[in-house]
Amino acid sequence: MVTPFILGIKQNGNIYMKVFLNVMLWLCLVGTLASCGRSSTHDLNSSRYLFYQHGGVVTVLGDNAISESTSEWGPYEYAHILDSLRKRDFNVISEIRK
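A brief report on the enclosed structure follows. Predicted model, so just to flag it, every value in this text is computed and none were measured.

This paragraph deals with the nonpolar core. The biggest cluster of nonpolar side chains holds five residues, and these are Tyr52, Tyr78, Leu82, Leu85 and Val92. Among the elements that line this core, the one with the most residues is helix H4 (residues 78-87), at three residues. Setting aside chain neighbours within four positions, we find Leu85 in contact with Leu50, Tyr52, Phe90 and Val92.

In structure tokens:
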């Protein structure tokens, strides 16, 4: 932090004004640093967001669709996929496209 007192800048005033300005600048710096440690009620840095895009078969046939080309995989289970991601502490953002 660069302050007039530390730099020794000559000003038209007395030493009390220089000390006052120096103290005020340091208080602003300390206040700023102290507020950085506070967490808000919704801290985006501690939350994990996941944007999930489902397969095309869900758009055409619905959320439990079975694809004809890969029928051995079984139903898509879109809602189950979202639930399993939420259980892993993700905030999942997804919707079935139209």
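Enumeration over the complete set of coordinates arrives at one aromatic pair. Where Tyr52 meets Tyr78, the ring centres are 6.3 Å apart and the plane angle is 40°; that geometry is what we call tilted. One end of the pair, Tyr52, is in the loop between strand E1 (48-51) and helix H3 (56-61); the other, Tyr78, is in helix H4, and 26 residues separate them in sequence. No difference in accessibility class separates Tyr52 from Tyr78, as the two residues are buried. Sitting over the ring of Phe90, Arg48 keeps its end group 4.1 Å from the ring centre.

Cut-offs applied
- Residues numbered from 1 in each chain as written.
- Predicted model: local features only at pLDDT ≥ 70, side-chain atom pairs only at ≥ 80, totals over all residues.
- Heavy atoms only, no water.
- Core = buried A, V, L, I, M, F, W, Y, C linked by side-chain atoms within 4.5 Å.
- Buried < 20%, exposed > 50% of the residue type's maximum accessible area, 1.4 Å probe, protein only.
- Helix = DSSP H or I, 4+ residues; strand = E, 2+ residues; numbered from the N terminus.
- Contact = heavy atoms within 4.5 Å.
- Phe/Tyr/Trp six-rings, centres within 6.5 Å; stacked < 30°, edge-to-face > 60°.
- Lys NZ or Arg CZ within 6 Å of the ring centre and 35° of its normal.

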